[in-house]
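Each chain, letter by letter, is given below.
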Amino acid sequence: MWRDELLTWNPALYGGIKHFIVTQDYIWKPDIAIYNSICDFYLSSSVVNVFINNQGLILWEPPVILELSCKVDVSKYPYDKNTCDIKMISWMYDVAAINITTGKEPIIMDRFVPNKVFIVSSGGVECRYYRHFKKYYKYLLFKITLARRAMYPTMTIVVPIIMLAILNILSFLIALGDKDKLSVAFTTLLASTVFLSIVDNELPDNSSEISLLIVYISLLILISIFTIAGHCVTIAVHDMDLKAAKVSPDSIGGSKPVATFKWWNILTSGSRAWGLNALFLIFNIIFFVVVTCVVSFYLFA
């Protein structure tokens, strides 16, 4: 809205007409531009009309769909917040020619259409100046903070990843001679790799920071590889213990005792396989708790 002194008239001399609407191409309008736009630079369109009253007051409300360049930080995905700026300037007129000001409500939040991915948590505007060729120019800097809706990615990504990490720990509770220990560990590793690719596809390519969730999944993949190696070692050592005790796999848990069988001694006194299995289990628990606490602290800090 602005006032044009050349567009004033006396309504009594023009049939009582106090205002009219005309296409914007017939009048002068400020060259307002969106400085960080990547599509339409100027706020202009030949189909937009303006309202003019007899005192020269002009109301110009051009509708526009903005595509802006915005620095995104997804280090706290999916609990991230990002502030995007809209820099509105007069491209050629300095502050002596055009004084850009804001209204009482520079950002009307009630008119925002809800988005399924983000919510507008806050918004504001600042008036700033910059100098160019010994002239001062004034511009408006709109700041809109977007917060991600975290419920859906939490239930579909974060919770399953934590369940996979717990499943990876529980694989150490499977009997030492059962080869399903390796099957569970391999399944956990493959599932974590799939979730890593899903999260990577959800993140923008122009992010300046790496997501802590990516780091967390990568560490879980690392511990899954360590778990597989640990299972291989414990199974091999367990087989060596059985051979040392002169026990065949078919006689384990049988109803008839074998004279040379010392399985109960292996359990009570602690065999090498059970010791290694307990060591790997404790290491997995400590690693999972420490990594989860550290990542959670930085995510919600």
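Residues numbered from 1 in each chain as written. Predicted model: local features only at pLDDT ≥ 70, side-chain atom pairs only at ≥ 80, totals over all residues. Heavy atoms only, no water.

(A) Main features of the overall build of the chain. Along its length, the chain carries five helices and eight strands. Listing every helix and strand of the chain by position from the N terminus yields β-β-β-β-β-β-β-β-α-α-α-α-α. Counting the 301 residues in the chain, one finds 36% classified as buried. Here the contacts in the chain between residues at least 6 apart in sequence split such that 73% fall between residues at least 24 apart. (Helix = DSSP H or I, 4+ residues; strand = E, 2+ residues; numbered from the N terminus. Buried < 20%, exposed > 50% of the residue type's maximum accessible area, 1.4 Å probe, protein only. Contact = heavy atoms within 4.5 Å.)

(B) Region of interest: the side chain of Asn-53. Within the fold, Asn-53 resides in strand β4 (residues 49-53). Note on Asn-53: relative accessible area 14%, which makes it buried. A polar contact of 2.8 Å, which involves the side chain of Asn-53, links it to the backbone nitrogen of Leu-57. (Polar contact = N/O pair within 3.5 Å; in protein donor to acceptor, adjacent residues only side chain to side chain.)

(C) Fine view of the state of the cysteines. The tally for this structure, following the rule as stated, stands at one disulfide. Here Cys-70 pairs with Cys-84 through a disulfide, and the sulfurs are 2.2 Å apart. Around the S-S axis, the bridge from Cys-70 to Cys-84 shows a dihedral of about -95 degrees and counts as left-handed. One end of the pair, Cys-70, is in the loop between β5 (55-60) and β6 (81-90); the other, Cys-84, is in strand β6, with 14 residues separating them in the sequence. For Cys-84, a relative accessible area of 19% puts it in the buried group. (Disulfide = S-S within 2.5 Å.)

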